[in-house]
Amino acid sequence: MNLEERLGELALELPPMPDAVANYIPGVLVGEVLFLSGTIGKIKDTLPFQGKLGAELTVEEGYASARLCTLNHLTMAKAVLGDLDRIVRVVRLVGYVNSAPGFNKAPWVVNGASDLLVELLGEEKGRHARAALNVNELTFDAPVETVLTLQVEP
């Protein structure tokens, strides 16, 4: 089954390409490795979740924001690759969680991105190396930003 059909089965769709807010491109393909730029859970001009985890937002809201980051990454990957079915496997995910003092549940928040990748690609292709980091600020007061690295077919 192709990845876009799998998205449909999960009642998900790719959002429009996120606008770059600085001087960068969505991703760089080097051989069989696609390095995607960081993205937040913004859909069109809307940031559905905003604020710090452990203050304004719950772990569940952060989890949902991380899922939106993954959908944005897939949009970015499609723009670079032309076809999402070129993805061989997810290599590495780094998640940054906008955290209030004392909030230490970044891994559970970033599971939103990890779980969706496994749901879409399966255990073999979707499981990945990962870091989940608490940070004190993110652009636009976004709750989560993720960076994704993929192995792809040449």
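This report concerns the structure included in the present document.

Cut-offs applied
Residues numbered from 1 in each chain as written. Predicted model: local features only at pLDDT ≥ 70, side-chain atom pairs only at ≥ 80, totals over all residues. Heavy atoms only, no water. Helix = DSSP H or I, 4+ residues; strand = E, 2+ residues; numbered from the N terminus. Rg over C-alpha atoms; globule rule 2.2 N^0.38 Å. Buried < 20%, exposed > 50% of the residue type's maximum accessible area, 1.4 Å probe, protein only. Contact = heavy atoms within 4.5 Å. Phe/Tyr/Trp six-rings, centres within 6.5 Å; stacked < 30°, edge-to-face > 60°. Lys NZ or Arg CZ within 6 Å of the ring centre and 35° of its normal. Core = buried A, V, L, I, M, F, W, Y, C linked by side-chain atoms within 4.5 Å. Pairing = 2+ DSSP bridges. Expected span 1.5 Å × (residues − 1). Polar contact = N/O pair within 3.5 Å; in protein donor to acceptor, adjacent residues only side chain to side chain.

1. Digging into the overall build of the protein chain
The secondary structure content of the protein chain amounts to three helices and six strands. When the helices and strands of the protein chain are read in sequence order from the N terminus, they spell out α-β-β-β-α-β-α-β-β. Relative to the 2.2 N^0.38 estimate, which gives 15 Å for 154 residues, the radius of gyration of the protein chain is 15 Å and therefore close to what a compact globule would have. Over its C-alpha atoms, taken along the principal directions, the protein chain stretches across nearly 45 × 35 × 25 Å. Looking at the protein chain as a whole, 42% of its 154 residues qualify as buried. Pairs at least 24 apart in sequence give 82% of the contacts found in the protein chain among residues at least 6 apart.

2. So, the side chain of S65
Looking at where S65 falls in the secondary structure, it is placed in helix α2 (residues 59–81). If sequence neighbours within four positions are ignored, S65 has contacts with G41, F49, P143 and V144.

3. As for the packing of aromatic side chains
The full count for this structure, using the stated rule, is zero aromatic pairs. Its end group placed over the ring of F140, K42 keeps NZ or CZ at 4.8 Å from the ring centre.

4. Details of the nonpolar core
Judged by nonpolar contacts, the single largest core of 33 residues is most densely connected at I87 and L150. Secondary-structure elements contributing two or more residues to this core are α1 (3–9), β2 (33–36), α2, β4 (87–98), α3 (106–126) and β6 (144–152). Residues within four places of I87 in sequence aside, it is in contact with L3, L74, L81, L121, K125, L150, Q151 and V152.

5. Considering the pairing of strand β1 (residues 27–30)
When β1 meets β2, the two strands line up antiparallel, connected through four bridges. By the bridge assignment for β2, V30 is matched with V33. Between β1 and β2, which pair antiparallel one after the other, the connecting turn spans two residues, and G31 there sits at a positive phi close to 60°.

6. Observations regarding α3
Along an α-helix, residues three or four positions apart point the same way, because every turn accommodates 3.6 residues. With 21 residues, α3 should reach 30 Å at 1.5 Å per residue; the first-to-last C-alpha distance of 20 Å falls well below that figure. Listed in full, the buried residues belonging to α3 are A106, V109, V110, G112, A113, S114, L116, L117, V118, L120, L121 and G126. On its buried face, α3 is in contact with α1, α2, β4, β5 (129–135) and β6.

7. Describing the pairing of β5
Both β4 and β5 contribute to a ladder of seven bridges, which runs parallel. Note that in β5 the partner of R92 across the bridge is A129.

8. A short note on the environment of H128
Looking at the element boundaries, H128 is found in the loop between α3 and β5. With 19 residues separating them in the primary sequence, H128 and V147 have C-alpha atoms 12 Å apart. In this structure H128 touches V90, V91, R92, L93, S114 and L117, once residues within four positions along its chain are discounted. At 2.8 Å, the side chain of H128 forms a polar contact with the side chain of S114.

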